[in-house]
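# Report on the structure
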Amino acid sequence: MSVVLPPSAAPRSAYPARVLPERLRRRLLALAEREEPVSAYLYDGEVAAGRARALREALPEWAAVHYAVKANSFPGVVRALAPHVDGFEVASRAELELALAALRERGGTGSPVPVVAAGPAKSVPVLTALVRAGVEAINAESALELHRISRIAVAEGTTARVALRVNPAGIPVTGSLRMGGAPSQFGIPEPDVPAVLREALRLPGLDVTGFHIHAASNNLDAESQAAYLRWCVEWSVRTARGHGVDLRHVDIGGGLGVAFEELAGEEPFDVARFGELAGRAEPPPGVRVVLEPGRFLVADCGWYAAEVTDVKHSYGTVFVVLRGGINHFQLPTSWDLVHNIAVLPVERWPDGLPRPGAAGARVTVVGELCTPEDTLVRDVRVDRVRAGDLVVFPYAGSYGWEFAMHSFLGHPVAERHLL
């Protein structure tokens, strides 16, 4: 009986070290000179900024790009993106504070503050902070949340802008992660929207500006993503007209895909084609269409690097053991993404110690935790790897440090550096 391997276990050859930018290699080799074993994320803010500029330039004027801070909340990355995005998407008070600080640094927050907020379980403290900040839209997930926002806004003597997050009955797009068109904790089921809208429109302290529909993530097909944008606009216009909503805001969420094997020839998301097709949507005058890319803007601006602490041969399998693992970089295991590695040779090695290694072999890369779940990649062919070398994961700029199991076993967390 054949065994079907998940994508993260698909056999592949490691990238050559030359795919790593020169200044990244220099910085990593400098870190390797220290006594403390290397385990770190390194980010290039200009790479993220360039990605944001390209997307913003491809889109029509009525579209807005709000960076989803959850993808990478390192302050240096958020600051690097601030001049090149229209705003931010946040899901907590900590993310709100980061976004507000970056907006102030770039030269003012404006009114309303160009921040949208999401999340299925916003607490009263979170909602209060959002109302006080005067954000562009709080994406309300339920009737109860609308009542909470109303009560806070009235107590604060202000009006809160809200958009209903909708879980549509069907969506014209697919991706690696679906959050719409199926039973979900996210949003208001489409059949319930009329009743919830009637309730929202009568509550004091609320300005219902539109809708939020974030239905799928990591779609690499520009044509279907543009069709999804047009569908969101058409659905929102039709629903707003049918229920007396003064439509000004349509938030289509994120969903732009990342080709994690782009270095090996996988086709990336076609930004120019997406922008061309999205421009045909033509929302009514005064309607702003918000995109919330996260991973798309920052995935390729970051690398996770960890020192090889040992190379072990066990019953025909070679294990490359890292200082780090899913306590630092959990995404490949949790989401079963196709990640690959490059091996950066480090010549420094203590005199008198054996230096185990492997050459021309397929290896399994594991971490330092006391569980077999701590496996990052399997069956990757390397030309050579030794204890003391560095294993580097490209495309680690999104959902890396933020998504990891920092406290498990109590090992030091991965460092973070801005190139």
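These numbers were taken from a predicted model, which means no experiment stands behind them. (Residues numbered from 1 in each chain as written. Predicted model: local features only at pLDDT ≥ 70, side-chain atom pairs only at ≥ 80, totals over all residues. Heavy atoms only, no water.)

### Structural notes on helix 4 (residues 93-107)
A rise of 1.5 Å per residue sets the reference length of helix 4, with its 15 residues, at 21 Å; its end C-alpha atoms lie 21 Å apart and thus fit the reference within 8%. Those residues of helix 4 not exposed but buried are E95, L96, A99, L100, A102 and L103. The buried side chains of helix 4 occupy one side of the element, clustering within an arc of 165° when seen end-on. For helix 4, the exposed residues lying more than 90 degrees away from the buried face are A94, E97, R104 and E105. Note on helix 4: the residue one or two positions beyond its end, G108, has a positive phi of about 105°. (Helix = DSSP H or I, 4+ residues; strand = E, 2+ residues; numbered from the N terminus. Expected span 1.5 Å × (residues − 1). Buried < 20%, exposed > 50% of the residue type's maximum accessible area, 1.4 Å probe, protein only. Arc of directions from axis to C-beta.)

### What to know about the packing of aromatic side chains
Applying the stated criterion across every chain yields a total of 13 aromatic pairs. Residues F269 and F296 carry aromatic rings whose centres are separated by 5.8 Å and whose planes lie at 75° to one another, so their mutual orientation is edge-to-face. With F269 in the loop between strand 12 (249-251) and helix 9 (271-278) and F296 in helix 10 (residues 295-298), this pair connects stretches of sequence that are 27 residues apart. Of the residues examined, F269 reaches a relative accessible area of 5% and is grouped as buried. Consider the rings of Y304 and F329, whose centres lie 5.4 Å apart with planes at 40°: the pair is tilted. In this pair, Y304 is assigned in strand 14 (residues 302-314) and F329 in the loop between strand 15 (317-322) and helix 11 (331-335), connecting sequence segments 25 residues apart. On the accessibility criterion, F329 (0% relative accessible area) is buried. Here the aromatic cluster, defined as three or more aromatic residues joined through ring pairs, consists of Y41, Y43, F74, Y304, F329 and F393. Above the plane of the ring of F296 lies R51, whose end atom (NZ or CZ) is 4.9 Å from the centre. Its guanidinium or amino end placed over the ring of W401, R416 lies 3.5 Å from that ring's centre, counting from NZ or CZ. (Phe/Tyr/Trp six-rings, centres within 6.5 Å; stacked < 30°, edge-to-face > 60°. Lys NZ or Arg CZ within 6 Å of the ring centre and 35° of its normal.)

### Brief notes about the pairing of strand 7 (residues 160-167)
Counting buried residues along strand 7, 7 of its 8 residues qualify, which places the element largely inside the surrounding structure. For strand 6 (residues 135-140) and strand 7, the ladder comprises 3 bridges, and the chain directions are parallel. The partner of N139 across the bridge, within strand 7, is A163. Viewed along the sheet, the connection from strand 6 through helix 6 (residues 143-156) into strand 7 turns out right-handed. By the bridge criterion, 6 bridges tie strand 7 to strand 10 (residues 206-212) in an arrangement that is parallel. Bridge pairing in strand 10 places A163 opposite G210. Where strand 7 and strand 9 (residues 188-189) come together, 2 bridges link them in parallel fashion. What sits directly across from N167, in strand 9, is P189. (Pairing = 2+ DSSP bridges. Right-handed = clockwise from strand over helix to strand, strands pointing away.)

### Re unusual backbone geometry
A positive phi angle is found at D379, which is not glycine, with a value near 55°. Within the secondary structure, D379 sits in strand 18 (residues 375-386). One non-glycine residue, L409, lies in the positive phi region at around 75°. By secondary structure assignment, the location of L409 is in the loop between strand 19 (390-393) and strand 20 (415-418).

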